[in-house]
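# Structural description and commentary
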Amino acid sequence: MHLWKKTTAALVAAGIMLLSSVLHPGMAAAATKNNSAYTYPQDSVPQVIQGMSPSVVGIAGKLTGGMYTEDRYNLSHGSGVILSKDGWIVTNAHVVDRLSTIQVVTSDGKTYQARSVFSDDVSDIAVVKINAKGLKPAVFAVTSQNAQVGEKVAAIGTPISFSLRNSATVGVVSGLNRSIDSSYRLIQTDTAINPGNSGGPLVNMKGEVIGINSMKFSAIGVENMGFSIPSETVGYVVKQLIQYGEVKRAGLGLSLEESFSAIVGFPSEDPLQVTDVTSLEAIQAGISKGDVLYAINGKRVYSIVDINEMLKLYAPGTKVKLLMQRDGDIVSVPLVLSSGISVPVEDAEWEEEVEV
């Protein structure tokens, strides 16, 4: 009887091993070699989520203005990422703008009231300060430009309901350096980003934040088109918000018109045309309406976003050289940078774009 049981068990084990060798070549060999049950390779996503989740918070507050200011359920919420152990948090400007009595909830369920809020509408970045110690800061990538299209990424945040804090979704980087109704370039991703995910991180499989989730396209027939603010832009803005309470940007002091090709997204080498001179520095440099801008400090620019990205490297008061065309002649024009941000003359906005 015992011999029959042992023989049956051996036959069953052999059958399983044979089936495994057919379906998963190498499985049986690995199991035989190690004399143990087969273990499949683990995906890195759960480890990345577990490592990042303590650095992600939910942010909620009561909306100011409107018809329902007395309604205690008139709340708005979003997400945020911890920057420092002592309570600095980054989120989107549109998450905290128009909110009063802002509450921050950490992944372990602790609630803090915001003590300071500094916001920058141009970049859609804001920082919030809470009185806390021992928080776990997220690791931000120095630059998002090391990311690759097709690379797996995850988004963590508070979609739809505040009870769904620290929800995770997974997708890939769909594109880099996108210019979508924004002053700076964005990361495109097919990772599911829903209302409430704003301000949360887009994380690579190294556990680094490569972007802060900000907006998506929402329309019938449009799927999985989300956009995140790259980590280098986040760093540029956050540093100044914490230090000055505002972003001290350098500007050309010019209103510029992009070419048709640049506006609609075709490859373009067309320059930008000056439509107005808006700073004393630009007037003193002799720039006038109708002049054409080709380059700044030897680097070609084709769009407003190109200019804004380049000017992140400079402070107001810095002198640069513009390569311009004036009255048919190509000239080099010294210009002292003023304060401000460059915006298109006619800002083309897709009506179905939404902030999340």
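Please refer to the structure higher up on the page.
### A word on the layout of surface pockets
Approximately 320 Å³ is the volume found for the second largest pocket. For the lining of the second largest pocket, the per-class residue count stands at seven nonpolar, four polar and seven charged.

### Some details on unusual backbone geometry
Glycine aside, the phi torsion of most residues is negative, and most peptide linkages are trans. At Asn-297, a residue that is not glycine, the phi angle is positive and equals roughly 50 degrees. With respect to the helices, strands and loops of the structure, Asn-297 is situated in the loop between strand E17 (292–296) and strand E18 (299–300). Phi is positive for Asp-327, close to 55 degrees, though the residue is something other than glycine. Following the sequence through the fold, Asp-327 ends up in the loop between strand E19 (319–326) and strand E20 (329–336). With relative accessibility at 76%, the residue Asp-327 sits in the exposed group.

### Thoughts on helix H5 (residues 231–244)
The terminal C-alpha atoms of H5, which comprises 14 residues, lie 20 Å apart, in line with the 20 Å expected from a rise of 1.5 Å per residue. All of the buried residues in H5 are Ser-231, Thr-233, Val-234, Tyr-236, Val-237, Val-238, Gln-240 and Leu-241. Where H5 terminates, the next one or two residues include Gly-245, which has phi positive at roughly 80 degrees.

### Regarding the nonpolar core
One finds Met-52, Val-90, Ile-125, Ile-212 and Val-234 to be the most contacted residues of the largest nonpolar core, which totals 29 residues. Elements represented by at least two residues in this core include exactly helix H3 (45–52), strand E3 (88–91), strand E6 (125–130), strand E8 (152–157), strand E12 (208–217), strand E13 (226–230) and H5. Ranked by residue count, the leading element in this core is H5, at five residues. Val-274, Ile-304, Ile-307 and Met-324 belong to the second largest nonpolar core, which has 23 residues in total.

### Focus on the pairing of E8
A large share of E8 lies buried, amounting to five of its six residues. Two strands pair when backbone bridges link them, and E8 and strand E9 (residues 167–178) are joined in this way by six bridges, in the antiparallel orientation. Bridged to Val-153 within E9 is Gly-171. In terms of strand pairing, E8 meets strand E11 (residues 201–204) through three bridges, oriented antiparallel. Bridging from a neighbouring strand, Val-153 pairs with Asn-204 of E11.

Analysis parameters
- Residues numbered from 1 in each chain as written.
- Predicted model: local features only at pLDDT ≥ 70, side-chain atom pairs only at ≥ 80, totals over all residues.
- Heavy atoms only, no water.
- 1 Å grid on protein atoms, 1.4 Å probe; cavity = no way out; pocket = protein on both sides within 12 Å on 5 of 7 lines; lining within 4 Å.
- Points joined across faces, edges and corners; volume = space filled by probe spheres on them.
- Nonpolar A, V, L, I, M, F, W, Y, C, P; charged D, E, K, R; others polar.
- Helix = DSSP H or I, 4+ residues; strand = E, 2+ residues; numbered from the N terminus.
- Buried < 20%, exposed > 50% of the residue type's maximum accessible area, 1.4 Å probe, protein only.
- Expected span 1.5 Å × (residues − 1).
- Core = buried A, V, L, I, M, F, W, Y, C linked by side-chain atoms within 4.5 Å.
- Pairing = 2+ DSSP bridges.

Limitation: the analysis is restricted to geometry and does not speak to function.
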